[in-house]
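Here is what each chain is made of, one letter per residue.
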Amino acid sequence: MAVRPHHMHDGGIVERRLRPIYDWLDNGNNKKALQEAEKVLKKSPTLQAARALKALALYRLGKGSEAHALLDALAEEKPSDDSTLQAMTISYRESQQFHKVCALYEEAVKAEPTNEELYTHLFMSYVRVGDYRSQQRSAMALYKFAPKNPYYFWAVMSIVLQAKTTDDPTKKGILLSLAQRMVDNFISENKMEAEQEARLYIMILELQEKWKDILNFIEGPLYSQLVPRSTAQASIPYLKKLGHWRRLNLLCKDLLWDNQDRWDYYLPYFDSVFHLMSNTEADVESGADDSAEKCHEFICQLVESMSSGRILRGPYLARLELWKRLSVDGDPTALLGSGVALCIQYLRVFAHKPCAVPDLKPYLAMIPQKEREDRCRDFLTCLGFDENSQPESQDDIQRHISCLCAWRLTSPLCTADEYLSIATTLRRQYLRCVSQKLINATPTEFCVADGYGTLAAHHHFYAAVQQQNASPIVEALCLLELVLHNSPANFHAKLLLISLYHLLGNAAGAESVYRRLEAKHVQLVSLGWLHAARLPPALAPARALRLLADTHAFHRHHAKDSMEHLTYAYKYGTFEKLVELGAWGARLEACAWCALAARERALLPLLAGPPAPLHAPPRLPSPPADNRDLNAIVSWEPPQCVDPELKARTFEQDVAYLRLKDGLVSAIALCIECSDGRSTEQKRAQLEELAACTEAFGGAMDKCRERFAGKQRLSISAPLPARIIAFVSSEVPYRELYTSALRTVGALCGAGGAGGAAGREHGAALRGHLAASLRALPPAPSSPWQLRDAFEAYSNYLEFIGVITFLLGVCNELTAPANTKKSKKKANQSPDQILTAELLSQINDDVQDIIAHLEEVFDKWPTYDYNTAAIEDEFAKLDINDKYQCPVEEKLKNGLQDILTDVKNILKKKSKYLKTLQ
């Protein structure tokens, strides 16, 4: 939006003239805004605000060079009126020229050295570029003629940020001491006014690890005045740092009497109890709980003190936490009884809450497996239910679902038939709720009974994995689609549907549900593993490119968006948020998924076309950050099946795949650089880099084959097996295919298109590998269960087809001047050039033959019977809205046909392109 003038030298006349320009800019009609600006400038050619608005309209119309020329001319005039400056600022910000904003306001404050608003804008311009030293200088200059606390603490915070970003420990110590002295002066002069100022002072002392000083400040009168009624809570972390366990224990006990459900008080209380237990010197008179018995007695008192009308989870969970901590080094049963009994007691009291079983999960894992499995049905029957009970009220349905979930978490592993039996029972429970009108979901909330459907889907999955059969997955999809139809806001059902559609290799079905998920902003990163990362191996490059473009746009713009959040943090004095925003920005900047998305966006157009300009990728983040949310899909697997190394192991695989893709993109970009008309000597450095990059890619492939060639266990709540596994364990010789292709191009570039003996040797090797690769491709699967693996194998091969087709185009550009096709005379061609041209033509024919073979494979790809008739008949007996038709079979069949059609169209385009090169 354009910023309207706050004050004008010519008063209302100028404002009236400019108003139509602002209106058009705000409405997005930049052409009209430009016309209005030119009208105003005809009458007032020197009016700076109109010229600045004209530049903004020009930039938004795509006329960047004209806009920048106009802005540069304006900048030389050193404007100081607010309207002109803000219009220019918007133009600079939209064109990512933030340093020019700094220069603009530096000149403005020279013209009006006591203008508070201009100095504020100058400070914020430094915030946007992260120039902390200049922030400090401008904030102190502002404070000198406008002595307000916020400005002074802007300077203090700027010093703190300088300290946090320096690697020199001496400099860091000096800066933090300076910041502390500045705040100490304010304290001594009794000038501190706000809570955030006190928090900033604590932050400065924390960075210097002055825990005693922090505690003294918090317990002093000034902190109580600035932050009333928070002294006790604020002192907890510093009592822990100082090891004052008795004080901490007594303090937490006092707080817990008044706040019995505050889990953040229970944890330091337990820390203090266990530290006091390890201290042999007992202090009877202190009143602190220094034994497990006293701790248990205190928790029992909290339980007994609760009124009958309002039962809180905190004290009950505290008993479980005490049991868990005692069980680490001993046997807590003498004091607390069995862990199973405590969990069942908790479930009896809180089963009507959806959080009951998630609360119990960490404690169930601590119970010995045999004891847990022996008493698993006690969790189911503790409230008088069994799996066939038919509760009718919403609270009873939630209790039943909680008992079922706890039962499944503690049960031993079952056979496929047992899993199917449980899934059928759960499905019938959900369908009973539908038929009895017990589904009461709203557009923004989901129904309690949905838990039956999602738990049933998990058990269908377990059975499918054991049977290696797609039929249970199809039943789960049918049930989840019905759940989602009745509860449109149920994100659990959406996430499960996406995961299960991808398990069957159906990207189109997953895409239809993903659109309903409406993932935005950071979810594009945290949930990228669930859908976007699975589109390329599902033979859906066009769909992948659309979603990767959204991810890339978010990654590119997050820094600009974060800048405005930083300015708001200063404006409102929330200094702690500045540190959080900095860490957030750094984590996103180093995101491994965003880095892979950028490489995929470079490679996929070579297949799906048209190829985008391919340049050397930016350097990989070091180290890359794992921003995946692997807890998005709730897992109901027993604790013994949970893999604590899953996140780290899958991230290691993803990073290895990222490095391979980075090397491949870098090598292709070097091929493009080396294919220009420069002499061999001029591009020697790039040729050597290309050779080194190709060698490194081959070596990395060998190492990855050794490390990642094994099969992975499937889990419904975890990512599907990493793409590197199928890539490096394939019988197709990808290492040899890529390296020989890149070496062939490198030899051609080094010999000016002639290739030489080395180039022909690499080309001949490439032909041999192409023939071998065709024989190594897997046949089309007879069962939909193998469809995902088959699609992934063919997607890897098609990606190579896209790359080799592109590289043949590069080779054609290299040899075209020598091999003048329009003229049939070949007198000017050397024997080397003739042999090279013939070899390239043969490789071209080989690739066309491969494409013809692939077209035949996809033409004859089998269709699959997904057999949803039985479950659809079950749905038909229900009293459901007549408009509902189970969409699963149609999605699976149409999705497969859409993918096959897209692939065949891609292959036809590649074949047509290769023919133009001959």
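Being a predicted model, the structure only gives us computed values, none of them experimental. (Residues numbered from 1 in each chain as written. Predicted model: local features only at pLDDT ≥ 70, side-chain atom pairs only at ≥ 80, totals over all residues. Heavy atoms only, no water.)

(A) Inspection of the overall build of the chain at higher detail. When you go through the chain residue by residue, the secondary structure sums to 42 helices and zero strands. If one aligns the C-alpha atoms of the chain with their principal axes, the spans along those axes are about 110 × 85 × 60 Å. Out of the 918 residues belonging to the chain, those deemed buried represent 55%. As displayed, the chain has an accessible area near 41200 Å², and 51% of this comes from carbon and sulfur atoms. (Helix = DSSP H or I, 4+ residues; strand = E, 2+ residues; numbered from the N terminus. Buried < 20%, exposed > 50% of the residue type's maximum accessible area, 1.4 Å probe, protein only. Areas by Shrake-Rupley, 256 points an atom, 1.4 Å probe, with all protein chains shown as cover.)

(B) View of helix 28 (residues 491-503). Between its first and last C-alpha atoms helix 28 spans 18 Å; for 13 residues at 1.5 Å apiece the expected length is 18 Å, and the two agree. Judged by how many residues are buried, helix 28 sits mostly within the fold: eleven of 13 residues are covered. Among all positions of helix 28, only A493, K494, L495, L496, L497, I498, S499, L500, Y501, H502 and L503 are buried. Tucked into the core, helix 28 has its buried residues touching helix 26 (450-467), helix 27 (471-486), helix 29 (507-517), helix 39 (787-815) and helix 42 (888-916). The residue sitting at the N-terminus of helix 28 and contributing the capping side-chain oxygen is N490; that oxygen lies 3.0 Å from the backbone nitrogen of H492. Looking at the residues trailing helix 28, positive phi occurs at G505, about 70°. (Expected span 1.5 Å × (residues − 1). Contact = heavy atoms within 4.5 Å. Polar contact = N/O pair within 3.5 Å; in protein donor to acceptor, adjacent residues only side chain to side chain.)

(C) Structural context of the side chain of R319. For R319, the position within the fold is in helix 18 (residues 313-329). No salt bridge is formed by the buried R319, whose closest oppositely charged neighbour, E304, lies at an N-O distance of 7.6 Å. Each residue touching R319, except ones within four places of it in the same chain, is listed here: H296, I299, C300, L336, L342 and Q345. (Lys, Arg positive; Asp, Glu negative; His and termini not counted. Salt bridge = Lys/Arg side-chain N within 4 Å of Asp/Glu carboxyl O.)

(D) Up close: the nonpolar core. Among the nonpolar cores identified, the biggest contains 311 residues, and L18, L347, Y570, I724, L854, F858 and W861 are the most heavily contacted of them. Broken down by element, this core gets its largest block of residues, 16 residues, from helix 39. Setting aside its immediate chain neighbours within four residues, I724 contacts Q653, A656, Y657, L660, C704 and F708. (Core = buried A, V, L, I, M, F, W, Y, C linked by side-chain atoms within 4.5 Å.)

(E) Structural context of the pattern of salt bridges. On inspection of all chains with the given rule, the structure shows 48 salt bridges. The partner of E387 in a salt bridge is R377, with the nearest N and O atoms 2.9 Å apart. Here E387, found in the loop between helix 23 (376-381) and helix 24 (394-410), pairs with R377, found in helix 23; they are ten residues apart in sequence, far enough to count as distant. Of the residues examined, R377 reaches a relative accessible area of 37% and is grouped as partly exposed. R707 is the salt-bridge partner of E652, the closest N and O atoms lying 2.0 Å from each other. With E652 in helix 34 (residues 646-674) and R707 in helix 35 (residues 684-708), this pair connects stretches of sequence that are 55 residues apart.

(F) Representation of the side chain of N149 in the model. Along the chain, the position of N149 falls in helix 9 (residues 149-165). Residue class for N149 comes out buried when judged on its relative accessible area of 8%. Sequence-distant contacts of N149, that is, excluding residues within four places in its chain, are made with F186, K191, M192, E193 and E197.

(G) Summary view of helix 33 (residues 592-608). Compared with an ideal rise of 1.5 Å per residue, which puts 17 residues at 24 Å, helix 33 spans 24 Å between its outermost C-alpha atoms and is within 8% of the ideal. A602 marks the point of greatest bend in helix 33, at about 25°, and the proline P605 comes within the next four residues. Burial runs high along helix 33: 15 of the 17 residues are buried. At the C-terminal side of helix 33, G609 shows a positive phi close to 55°. (Bend = angle between axes of the 7 residues up to and from the residue.)

(H) Structural detail: unusual backbone geometry. For the bond running from S622 to P623, omega is -10°, close enough to zero to count as cis. Here P623 is to be found in the loop between helix 33 and helix 34. Not every positive phi belongs to a glycine, and Q468 is a case in point at roughly 55°. Here Q468 shows up in the loop between helix 26 and helix 27. Residue Q468 is classed as partly exposed on the basis of its relative accessible area of 45%.

(I) Spotlight on a positive patch on the surface. On the surface, a cluster of positive charge is made up of R16, R17, R19 and K43. Among the elements that make up the positive patch, the one with the highest residue count is helix 1 (residues 12-27) (three residues). Residue placement: R17 occurs in helix 1. Given the relative accessible area of 33%, R17 is considered partly exposed. (Patch = residues over 30% accessible without salt bridge, like charges linked within 9 Å, V, L, I, M, F, W, Y side chains within 5 Å. Charge placed at Lys NZ, Arg CZ, Asp CG, Glu CD.)

(J) Representation of the packing of aromatic side chains in the model. Taken as a whole and judged by the stated rule, the model has 34 aromatic pairs. Look at W154 and Y570: their rings are 6.3 Å apart centre to centre, the planes differ by 80°, and that puts the pair in the edge-to-face class. Here Y570 lies in helix 31 (residues 541-571) and W154 lies in helix 9, a separation of 416 residues in the sequence. Relative accessible area serves as the criterion here: at 4%, W154 is assigned to the buried category. Geometrically, the ring pair formed by Y269 and F298 is tilted, given 5.2 Å between the ring centres and 50° between the ring planes. Placement of the pair is Y269 in helix 16 (residues 263-278) and F298 in helix 17 (residues 292-305), with a sequence separation of 29 residues. Of the two residues, Y269 and F298, neither departs from the other in class, the shared state being buried. Through successive ring pairs, a cluster of aromatic residues spans Y657, F697, F727, Y734, Y738, Y797 and F800. (Phe/Tyr/Trp six-rings, centres within 6.5 Å; stacked < 30°, edge-to-face > 60°.)

(K) Quick look at the environment of K253. Its location among the elements puts K253 in helix 15 (residues 245-258). Separated by 41 residues in sequence, K253 and K294 have C-alpha atoms that sit 12 Å apart. Apart from residues lying up to four places away in sequence, K253 is in contact with Y269, G287, D289 and F298.

(L) Representation of the environment of D329. Counting through the fold element by element, D329 comes out in helix 18. Under the relative-accessibility criterion, D329 is labelled exposed at 77%. Spatially, the C-alpha atoms of D329 and L56 are 69 Å apart, while their sequence positions differ by 273 residues.

(M) Representation of the environment of C295 within the structure. Along the chain, the position of C295 falls in helix 17. Given the relative accessible area of 0%, C295 is considered buried. Once the C-alpha coordinates of C295 and A648 are considered, the two residues, 353 residues apart in sequence, prove to be 37 Å apart. Excluding residues within four positions of it along the chain, C295 makes contact with Y269, F270, V273, D289 and L322.

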